[in-house]
Amino acid sequence: AVIDDAETRQEIERALALVPDHPQALIDRAIVRTEKRQFADALSDILRVLDRDPDCADAWAKRGNILVAVGELHEAITSYDKALTINPDHVEALNNRGCRFGALGQPETALADFDRLLAISPHYYEALINRSHMLVELHRDEEGLLSYQKAHVALPDHPDPIYNIALNQLRFGAFSGGWDNYELRWSINDFKHSQRKYALPTWNGEALQGPLLVSGEQGLGDQIVFSSMIP
């Protein structure tokens, strides 16, 4: 990973001032530019690398990432294919190609990529999570839950595995553990923006003497469902 900060950018530019076509510096600058949504410039850097070294698997993988960012999923898969032809064990290309197959509604093909990646790197966290998603998509629910548990063991401080376990517990009707685990949603980026912090105690479910303040946090459908539970 390349940290996008002023010092990193300066180091990259110094390297390119000394060696204008330095492949790793160009790749690193492309990563930074992609993060900054400067996709045309990022792609230009990657094409400079590939012009000099068409067998650079890292550059093909990064080209795929840029194409994903601009919505060219099929062309991105072609780039990941090229990276994996050069280096069949390129874990980034395997993981990201699997994600693209999943996004295109091909969970079995995606699962094959994640399984192949995990055979190379058994504790690769993102692949563990992504594999779990595909198992659930394929209705292999018990395997999916076990896979989320493995992801939790691999990175115990990350909330995503337990949050996804909660979603499936609730889906199966295991409400007691499911609701407890679902409280971890406030650590998930998708929910952080909707958490409202009031200077009031949180209701613990006991009988009330006085009013209860209820605030919406998700979509209208969810609010209708849960509002039906409020007397």
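Heads up: these notes are all about the structure in this document.

Parameters at a glance
Residues numbered from 1 in each chain as written. Predicted model: local features only at pLDDT ≥ 70, side-chain atom pairs only at ≥ 80, totals over all residues. Heavy atoms only, no water. Helix = DSSP H or I, 4+ residues; strand = E, 2+ residues; numbered from the N terminus. Rg over C-alpha atoms; globule rule 2.2 N^0.38 Å. Buried < 20%, exposed > 50% of the residue type's maximum accessible area, 1.4 Å probe, protein only. Core = buried A, V, L, I, M, F, W, Y, C linked by side-chain atoms within 4.5 Å. Contact = heavy atoms within 4.5 Å. Polar contact = N/O pair within 3.5 Å; in protein donor to acceptor, adjacent residues only side chain to side chain. Expected span 1.5 Å × (residues − 1). Arc of directions from axis to C-beta. Salt bridge = Lys/Arg side-chain N within 4 Å of Asp/Glu carboxyl O. Patch = residues over 30% accessible without salt bridge, like charges linked within 9 Å, V, L, I, M, F, W, Y side chains within 5 Å. Areas by Shrake-Rupley, 256 points an atom, 1.4 Å probe, with all protein chains shown as cover. Phe/Tyr/Trp six-rings, centres within 6.5 Å; stacked < 30°, edge-to-face > 60°.

1. With respect to the overall build of the protein chain
Part 1 of the reasoning: Within the protein chain one finds 13 helices and 0 strands.
Part 2 of the reasoning: Counting helices and strands in the order they occur from the N terminus, the protein chain gives α-α-α-α-α-α-α-α-α-α-α-α-α.
Part 3 of the reasoning: At 22 Å, the protein chain has a C-alpha radius of gyration far larger than the 17 Å of a compact globule built from 231 residues.
Part 4 of the reasoning: Each principal axis of the C-alpha atoms in the protein chain carries an extent, and together these give about 75 × 40 × 30 Å.
Part 5 of the reasoning: Relative to its 231 residues, the protein chain shows a buried fraction of 35%.

2. Description of the nonpolar core
Part 1 of the reasoning: Of all hydrophobic cores here, the largest spans 43 residues; its most connected members are Ile-27, Ile-46, Val-49, Ala-59, Ala-83 and Ala-93.
Part 2 of the reasoning: No other element matches the 7 residues that helix H8 (residues 125-137) contributes to this core.
Part 3 of the reasoning: In contact with Ile-46, not counting residues within four places along its chain, are Ile-27, Ala-30, Ala-59, Lys-62, Arg-63 and Ile-66.
Part 4 of the reasoning: Among the nonpolar cores identified, the runner-up in size contains 7 residues, and Leu-170, Tyr-182, Trp-186 and Ile-188 belong to it.

3. Re the side chain of His-90
Part 1 of the reasoning: Following the sequence through the fold, His-90 ends up in the loop between helix H5 (73-86) and helix H6 (91-103).
Part 2 of the reasoning: Of note is the side chain of His-90, whose polar atom sits 2.6 Å from the side chain of Asp-58.
Part 3 of the reasoning: Within the local environment of His-90, its side chain forms a polar contact with the backbone nitrogen of Ala-93, the two atoms lying 3.2 Å apart.
Part 4 of the reasoning: Dropping the residues within four chain positions of it, His-90 is found in contact with Ala-57, Asp-58, Ala-61 and Leu-84.

4. Some thoughts on helix H7 (residues 107-120)
Part 1 of the reasoning: Relative to the 20 Å expected for 14 residues at 1.5 Å per residue, H7 spans 20 Å between its end C-alpha atoms, a close match to the ideal helical length.
Part 2 of the reasoning: The set of residues buried in H7 consists of Pro-107, Ala-110, Leu-111, Asp-113, Phe-114, Leu-117 and Leu-118. In an axial view of H7, the angular spread of the buried residues amounts to 160°, which keeps them on one side of the axis. Exposed positions of H7 whose direction lies more than 90 degrees from the buried face are Glu-108 and Ala-119.

5. Examining the pattern of salt bridges
Part 1 of the reasoning: Scanning the model with the defined rule gives 14 salt bridges in all.
Part 2 of the reasoning: One salt bridge connects Glu-75 with Arg-63, and the closest N-O pair in it is separated by 3.2 Å. Note that Glu-75 is positioned in helix H5 and Arg-63 in helix H4 (residues 57-69), a separation of 12 residues in sequence.
Part 3 of the reasoning: Given a relative accessible area of 17%, Arg-63 falls into the buried group.
Part 4 of the reasoning: The partner of Asp-113 in a salt bridge is Arg-97, with the nearest N and O atoms 2.7 Å apart. With Asp-113 in helix H7 and Arg-97 in helix H6, this residue pair connects regions lying 16 residues apart in the sequence. As far as the burial class goes, Asp-113 and Arg-97 line up, both buried.
Part 5 of the reasoning: It is possible to trace a salt-bridge network through shared partners that takes in Glu-13, Arg-29, Arg-33 and Asp-45.

6. Some remarks on a nonpolar patch on the surface
Part 1 of the reasoning: Among the surface-exposed residues, Phe-175, Trp-179, Val-225, Phe-226 and Met-229 lie close enough to one another that they form a single nonpolar patch of about 500 Å² accessible area.
Part 2 of the reasoning: Of all the secondary-structure elements, those providing two or more residues to the nonpolar patch are helix H11 (175-182) and helix H13 (220-227).
Part 3 of the reasoning: Mapped onto the elements, Met-229 comes out in the segment after H13.
Part 4 of the reasoning: You can call Met-229 exposed: its relative accessible area is 55%.

7. Some words on the packing of aromatic side chains
Part 1 of the reasoning: Enumeration over the complete set of coordinates arrives at 4 aromatic pairs.
Part 2 of the reasoning: Judged by centre distance (5.6 Å) and plane angle (65°), the ring pair of Tyr-163 and Phe-191 falls under edge-to-face. With Tyr-163 in helix H10 (residues 160-172) and Phe-191 in helix H12 (residues 189-192), this residue pair connects regions lying 28 residues apart in the sequence. Take Tyr-163 and Phe-191: they sit in the same class, and that class is buried.
Part 3 of the reasoning: Considering the side-chain rings of Trp-179 and Phe-226, the 5.9 Å spacing of their centres and the 70° angle between planes classify their relative orientation as edge-to-face. Taken together, the positions of Trp-179 in helix H11 and Phe-226 in helix H13 put the pair 47 residues apart, joining distant regions of the chain.
Part 4 of the reasoning: Taken together, the aromatic side chains of Tyr-163, Trp-179, Tyr-182, Phe-191 and Phe-226 make up a single cluster linked through ring pairs.

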